[in-house]
Each structure stands twice: as C-alpha cells, then as structure tokens.
Amino acid sequence: MGGQNEDDDKFDTVIGALEEIMMDDEFQGMQESFAIQHCEAFDDSDENKLVYTDIFKKYTELVEGYVERRLKQAIADFSMQAFMEMLTAREEEMQSTDVFDMLVSFADFDTFKDIMLSHKHQRHGGSVQLSVKVSQVAIHRDEQEDGEEFPDLNLDITPVPSPKKIAGT
C-alpha cells in the first residue's frame, strides 16, 4: 500500500492514525462502557427486538463520531469525505487488511449483537467463548516469490453467546 504519490502518502497517514485510534485504551474503554450500559437489553434468540436498532444506531454514531474527532486531532487537514473517497478507490486492496475488517465490523449488526450478548454473559458469571472459523484462501503462483507454496489461512474469531438462554440466568 501507498508510497507512490502524495495521495498514497496521505492515505497511509490516515490508516496509521486509524490503527492507533482503534488500539487506544480510551477507544477500547468507550466500547466496553457502552456494552456494559446496553448489554442487558439483548436476548440470545434469533428474533431481533426493535430496541436493538436504536442501540446499534447509538453505538454506530458513538464510534463514528469518536473516530472522526480523533482523526481530525491527529491530522490537521483531515476530511472524512475525502478519506471515504480514498477508501472506496482502494477497496479491493484494503479488503484483506485488519483495518478494513475492523471498520466493517463497526457497521455490522450481527457482530454488534454478538458482542452485546458476550458482555451480558460475562456479567452473569459466564466465561467468554470464541468461535474460530478457518478457511483456506487460494494462492496464486505469482504471489509467492520464493520458498514453497502454502495457502493462506483466513481466520474469523468472534465471541459466541452461551448455548443456554442468557435471559434465564
């Protein structure tokens, strides 16, 4: 990624700042606090209540507002609109990156619900269970310059709610 022109350098600067923000203790604490405050509203069922939509909207606004505010603090001439245009132009290149996965997860309701249920389960004395899905990704001969060819692994690790109904605990 990047380094070939001024736009690439600017994009790389934003991505670097974004990585720092997402790993920052303050950001993690903000998410944790939100989850603790709202997790009790969620039930471990396939049915989604209307209140989930309102909570998810608040979460999305909180995360987006925080990230944009921090990016503006870190980068003097930062524009979210310009960054979104750069991200769209580099979508294919970004799809296999941790930053892209993290950004997508912030806007994914199912991931959000899983996080809420995991926090609720923890608050009621349960331990966190993780689901790990591993799938092979095809490798092309021209991608491997030296050594033996091995397929890449695509890991997806997500919290899994307890098999018991959480509402009854």
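Structural data are supplied above this passage.
Let me begin by describing the structure that accompanies this report. (Residues numbered from 1 in each chain as written. Predicted model: local features only at pLDDT ≥ 70, side-chain atom pairs only at ≥ 80, totals over all residues. Heavy atoms only, no water.)

As for the overall build of the chain
Next up, step 1: The secondary structure content of the chain amounts to 7 helices and 2 strands.
Next up, step 2: Start at the N end of the chain and walk to the C end: the helices and strands fall as α-α-α-α-α-α-α-β-β.
Next up, step 3: Here the chain holds 169 residues, and the buried ones make up 30% of them.
Next up, step 4: Within the chain, residue pairs in contact and separated by at least 24 positions form 73% of the contacts whose partners lie at least 6 positions apart.
Next up, step 5: Accessible area for the chain stands at about 11300 Å²; split by element, carbon and sulfur atoms hold 48% of it. (Helix = DSSP H or I, 4+ residues; strand = E, 2+ residues; numbered from the N terminus. Buried < 20%, exposed > 50% of the residue type's maximum accessible area, 1.4 Å probe, protein only. Contact = heavy atoms within 4.5 Å. Areas by Shrake-Rupley, 256 points an atom, 1.4 Å probe, with all protein chains shown as cover.)

Quick word on a negative patch on the surface
Next up, step 1: Together, E19, E20, D98 and D101 line one region of the surface with negative charge.
Next up, step 2: Of all the elements in the fold, those that place two or more residues in the negative patch are α1 (6–23) and α6 (98–106).
Next up, step 3: Since its relative accessible area comes to 41%, E19 is described here as partly exposed. (Patch = residues over 30% accessible without salt bridge, like charges linked within 9 Å, V, L, I, M, F, W, Y side chains within 5 Å. Salt bridge = Lys/Arg side-chain N within 4 Å of Asp/Glu carboxyl O. Lys, Arg positive; Asp, Glu negative; His and termini not counted. Charge placed at Lys NZ, Arg CZ, Asp CG, Glu CD.)

Brief notes about the packing of α1 against helix α4 (residues 80–89)
Next up, step 1: The interhelical angle for the contact between α1 and α4, taken along N-to-C directions, is 105°, at an axis separation of 11 Å. The orientation of α1 with respect to α4, classified from their angle, is roughly perpendicular. Here D7, K10, F11, V14, I15 and L18 of α1 come into contact with α4, specifically with F83, M86 and L87. (Axes fitted to C-alpha atoms, helices over the stretch in contact; angles between N-to-C directions. Parallel < 35°, antiparallel > 145°, perpendicular 65-115°, else oblique.)

Focus: the environment of Q28
Next up, step 1: You can see Q28 is positioned in helix α2 (residues 25–38).
Next up, step 2: Leave out the neighbours within four places in its chain, and Q28 touches M22 and M23.

Observations concerning the pattern of salt bridges
Next up, step 1: Enumeration over the complete set of coordinates arrives at 7 salt bridges.
Next up, step 2: Between K49 and D43 there is a salt bridge whose closest N-O contact spans 2.4 Å.
Next up, step 3: One salt-bridge network, held together by shared partners, links D43, K49 and K120.

Regarding the nonpolar core
Next up, step 1: Grouped together as the largest cluster of nonpolar side chains are 33 residues, with contacts concentrated most on F27, L71, F83 and F112.
Next up, step 2: Here this core gets 8 residues from one element, more than from any other, and that element is helix α3 (residues 50–74). (Core = buried A, V, L, I, M, F, W, Y, C linked by side-chain atoms within 4.5 Å.)

Describing the packing of aromatic side chains
Next up, step 1: Tallied over the entire structure, the rule returns 13 aromatic pairs.
Next up, step 2: For the pair F109 and F112, a centre-to-centre distance of 6.4 Å together with 45° between the ring planes defines the contact as tilted. Taken as a pair, F109 and F112 lie in helix α7 (residues 109–123) at a separation of 3 residues, close to a single helical turn.
Next up, step 3: The partly exposed category is assigned to F109, whose relative accessible area is 21%. (Phe/Tyr/Trp six-rings, centres within 6.5 Å; stacked < 30°, edge-to-face > 60°.)

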